Number of protein chains: 2
Amino acid sequence: MNQAFLDRVRIVLVNTTHPGNIGGAARAMKNMGLSQLYLVDPYRYPHEEATRRASNADDVLEGAVVVKNVQAAIEGCDLVIGTSARERRIPWPLKDPRACMAEAVSPRHQRNIAILFGREHSGLTNEELAMCQLHLHIPTNPDYSSLNLAAAVQVVAYECRMLAQGETVEVSEASGWDMPLADAGDVERMHQHMANTLATINFIDPANPKQALTRLRRMFSRIRLDEMEVSILRGMLNRIDKAVARNKAD
Amino acid sequence: MNQAFLDRVRIVLVNTTHPGNIGGAARAMKNMGLSQLYLVDPYRYPHEEATRRASNADDVLEGAVVVKNVQAAIEGCDLVIGTSARERRIPWPLKDPRACMAEAVSPRHQRNIAILFGREHSGLTNEELAMCQLHLHIPTNPDYSSLNLAAAVQVVAYECRMLAQGETVEVSEASGWDMPLADAGDVERMHQHMANTLATINFIDPANPKQALTRLRRMFSRIRLDEMEVSILRGMLNRIDKAVARNKAD
């Protein structure tokens, strides 16, 4: 049993409306041996309905970390997976829970693995999905695809446990990489820096960035940046910022 | 999609106490494309709590067949699977949901396939389990194995659907992408442009570029850039060049 893997899985519930779903998610997590629960700006929490639905998983619930935004929830992670019910305008690598977890367990990932679950009615925003390297889609009946939030957490947590129990682990091409994967928080800061720099040089209009920023995010999400690469990209952006500042000062 | 298989799966809830669990099970079934629900002597049914939890799966709920005992629920089936949370005194072939469903889908089975779910607190009796050819065990944290009934139905129904879907669904980078892959010549010109720009802003010394350029090449080589991405990157480089040129002209 690969408990170390289960310990690294972080379930992130974004803007959850119904406290009962938070409790149901905590119960599903504990059943499957997961413990890291992050709540991004929940509507009502703590709440007695959450505690009731959590049943005896109150330790998971009490250990939940409440944060203000997704950025704060993905700090310390080197893989961020976003659950997605819909097709997007710009296609993103989309995998079912089994394929996602097979990738997550790869020895390439040494830090925490965040799995984001969106709002009950509207899911994750495009901006939140753009912070993810992988989009996870739970297969459903196309005529009735509105999976309950706690049920979705249950399915994903179950796949985590099935994998931790000893499914064959596929060693990907990237094991034995020379650099650790970058922290998701650092990658997000790099993206924000890039957006600022691109606005400064008038490559994008911050009020109307169109698709360019999304496409750049998608591109980097496919790469899975390592620490050195993020550092090189930040260095490039700093140099560009200086060139522009010097120009403006003249 | 093997819908014929899904149509043959019969979910049998035995002596369910809480009507909410019946509704939750109906919803989980419909989400995954199952429709045959059998209720063996439910405590309270029909019940508004069942209808509420079923959400829009009321067709599954209304189609539910209420019977007096397990014997009546397994008529017309050629495989009966019993879910079991505990080890039994007499060991029985015990399989996880994936292995059970792999067996169920075998062409050996042409009729309906019953999957029995026991009472919330005590599960199936030894007599009921003895009517089953297979015992299904959902892997759980041994310290907290009390899976909610609707959650157990969710996991099993999900495995049914994964199996009915056949191959793992994946929108890969190559198929169904929205843009054609970039021409290798264009990618090479983009790299040369980048090297020039990075020299101009003094990010690298052209005489001694060290590892930065190699690392940037390796970074981009890990994905296959599409035409739009190369065009965006070239556009960025042009903008940076202009910012620097303006500076020098001053």
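Residues numbered from 1 in each chain as written. Chains lettered and ligands numbered in written order. Predicted model: local features only at pLDDT ≥ 70, side-chain atom pairs only at ≥ 80, totals over all residues. Heavy atoms only, no water.

*Asks:* I would appreciate a short explanation of the overall build of chain A in the present structure.
*Replies:* From N to C terminus, chain A includes eleven helices and seven strands. A compact globule built from 250 residues should have a C-alpha radius of gyration of about 18 Å, and chain A, at 19 Å, falls within 12% of that. If you line up chain A on its principal axes, its C-alpha atoms span 65 × 40 × 35 Å. A burial count over chain A gives 60% of its 250 residues as buried. (Helix = DSSP H or I, 4+ residues; strand = E, 2+ residues; numbered from the N terminus. Rg over C-alpha atoms; globule rule 2.2 N^0.38 Å. Buried < 20%, exposed > 50% of the residue type's maximum accessible area, 1.4 Å probe, protein only.)

*Asks:* Would you explain the packing of helix H2 (residues 19-32) of chain B against helix H8 (residues 149-165) of chain B in this entry?
*Replies:* Describing two packed helices takes the angle between their axes plus the distance from one axis to the other. Residues and elements named next belong to chain B. Between H2 and H8, whose axes approach to 8 Å, the crossing angle comes to 15°. When the axes of H2 and H8 are compared, the pair comes out roughly parallel. Here H2 runs over H8; the crossing is right-handed. Contacts between H2 and H8 involve Asn21, Gly24, Ala25, Ala28, Met29 and Met32 on the former and, on the latter, Leu149, Ala150, Val153, Gln154, Ala157, Tyr158 and Arg161. Class assignment for the residues of the contact of H2 with H8 results in nine nonpolar, three polar and one charged. (Axes fitted to C-alpha atoms, helices over the stretch in contact; angles between N-to-C directions. Parallel < 35°, antiparallel > 145°, perpendicular 65-115°, else oblique. Left-handed = near helix turned anticlockwise from the far one by under 90°. Contact = heavy atoms within 4.5 Å. Nonpolar A, V, L, I, M, F, W, Y, C, P; charged D, E, K, R; others polar.)

*Asks:* Got a minute to help me understand the interface of chain B and chain A in this structure?
*Replies:* Interfaces are often sized by the accessible area lost when the parts come together. Listed as interface residues are 67 residues of chain B and, on the opposing side, 68 residues of chain A. For the chain B and chain A pair, buried surface summed over both sides reaches about 6,100 Å², with 61% attributable to carbon and sulfur atoms. Taken as a group, Arg98, Tyr144 and Arg222 of chain B account for 12% of the area that chain B buries against chain A, more than any other trio of residues on that side. Applying the counting rule to chain B against chain A returns five salt bridges. Aspartate 226 of chain B is paired through a salt bridge with arginine 218 of chain A; the nearest N and O atoms lie 3.3 Å apart. Taken together, the links from chain B to chain A amount to 22 residue pairs in polar contact (both at pLDDT 80 or more). For the side of chain B that touches chain A, the element with the most residues is helix H11 (residues 227-249) of chain B, which contributes twelve residues. Of the residues that constitute the side of chain B that touches chain A, the class distribution is 33 nonpolar, 16 polar and 18 charged. (Buried area = accessible area lost by both parts, 1.4 Å probe. Salt bridge = Lys/Arg side-chain N within 4 Å of Asp/Glu carboxyl O. Polar contact = N/O pair within 3.5 Å; in protein donor to acceptor, adjacent residues only side chain to side chain.)

*Asks:* Looking at this model, I keep getting lost on the domain arrangement of chain A. Mind explaining?
*Replies:* Residue and element names in this part refer to chain A. Here chain A is partitioned into domain 1 (3-164) and domain 2 (184-249). Taking only C-alpha atoms, the centre of domain 1 and the centre of domain 2 are 28 Å apart. Counting residues at the interface gives 20 residues for domain 1, matched by 15 residues for domain 2. Here domain 1 and domain 2 share an interface that buries about 1,500 Å² over both sides, 52% of which is from carbon and sulfur atoms. If you look at where domain 1 meets domain 2, you find five residue pairs in polar contact (both at pLDDT 80 or more). With three residues, strand S4 (residues 77-83) is the single largest residue contributor to the side of domain 1 that touches domain 2. Broken down by class, the residue content of the side of domain 1 that touches domain 2 amounts to twelve nonpolar, three polar and five charged. (Domains from an automatic or database assignment.)

*Asks:* How do you make sense of the nonpolar core when you look at a structure like this?
*Replies:* Across soluble globular proteins, nonpolar side chains have a tendency to be buried as a group. Judged by nonpolar contacts, the single largest core of 86 residues is most densely connected at Phe5 and Met101 of chain A. At twelve residues, the largest contribution of residues to this core is made by helix H8 (residues 149-164) of chain A. In this structure methionine 101 of chain A touches Phe5, Ile81, Ile115, Leu136, Val156, Glu159, Cys160 and Leu163 of chain A, once residues within four positions along its chain are discounted. Among the nonpolar cores identified, the runner-up in size contains 44 residues, and Met219, Leu225 and Met236 of chain A together with Phe220 of chain B belong to it. (Core = buried A, V, L, I, M, F, W, Y, C linked by side-chain atoms within 4.5 Å.)

*Asks:* Help me understand the state of the cysteines in this model?
*Replies:* Two cysteines whose sulfur atoms are joined by a covalent bond form what is called a disulfide. Tallied over the full model, the rule gives zero disulfides over all chains. As a non-bridged cysteine, cysteine 132 of chain A has cysteine 100 of chain A as the owner of its nearest cysteine sulfur, 10 Å distant. On the basis of relative accessible area, cysteine 132 of chain A is assigned to the buried category, the value being 0%. The structure places no disulfide on cysteine 160 of chain B, whose sulfur is separated from the nearest cysteine sulfur, that of cysteine 100 of chain B, by 9.9 Å. For cysteine 160 of chain B, a relative accessible area of 0% puts it in the buried group. (Disulfide = S-S within 2.5 Å.)

*Asks:* Is there a simple way to explain the pattern of salt bridges in this structure?
*Replies:* Note on pairing: side chains with opposite charge can pair once their charged atoms come close. The final tally for this structure, using the stated rule, is 23 salt bridges over all chains. Between glutamate 75 of chain A and arginine 189 of chain A there is a salt bridge, and its shortest N-O distance comes to 2.9 Å. Placement of the pair is glutamate 75 of chain A in the loop between helix H5 (70-73) and S4 and arginine 189 of chain A in helix H9 (residues 184-200), with a sequence separation of 114 residues. Accessibility expressed as a relative area gives 28% for glutamate 75 of chain A, which makes it partly exposed. Notably, a salt bridge pairs glutamate 103 of chain A with arginine 224 of chain A, separated by 2.6 Å at the nearest N-O pair. With glutamate 103 of chain A in helix H6 (residues 97-104) and arginine 224 of chain A in the loop between helix H10 (212-223) and helix H11 (227-249), this residue pair connects regions lying 121 residues apart in the sequence. The buried category is assigned to arginine 224 of chain A, whose relative accessible area is 9%. Linked by salt bridges that have partners in common, Arg98 and Glu159 of chain A together with Arg98 and Glu159 of chain B make up one network.

*Asks:* Would you mind going over the environment of aspartate 58 of chain B with me for this structure?
*Replies:* Residues and elements named next belong to chain B. Here aspartate 58 lies in helix H4 (residues 58-62). For aspartate 58, a relative accessible area of 33% gives the class partly exposed. Considered as a pair, aspartate 58 and alanine 26 are 32 residues apart in the sequence and their alpha carbons are 7.7 Å apart.

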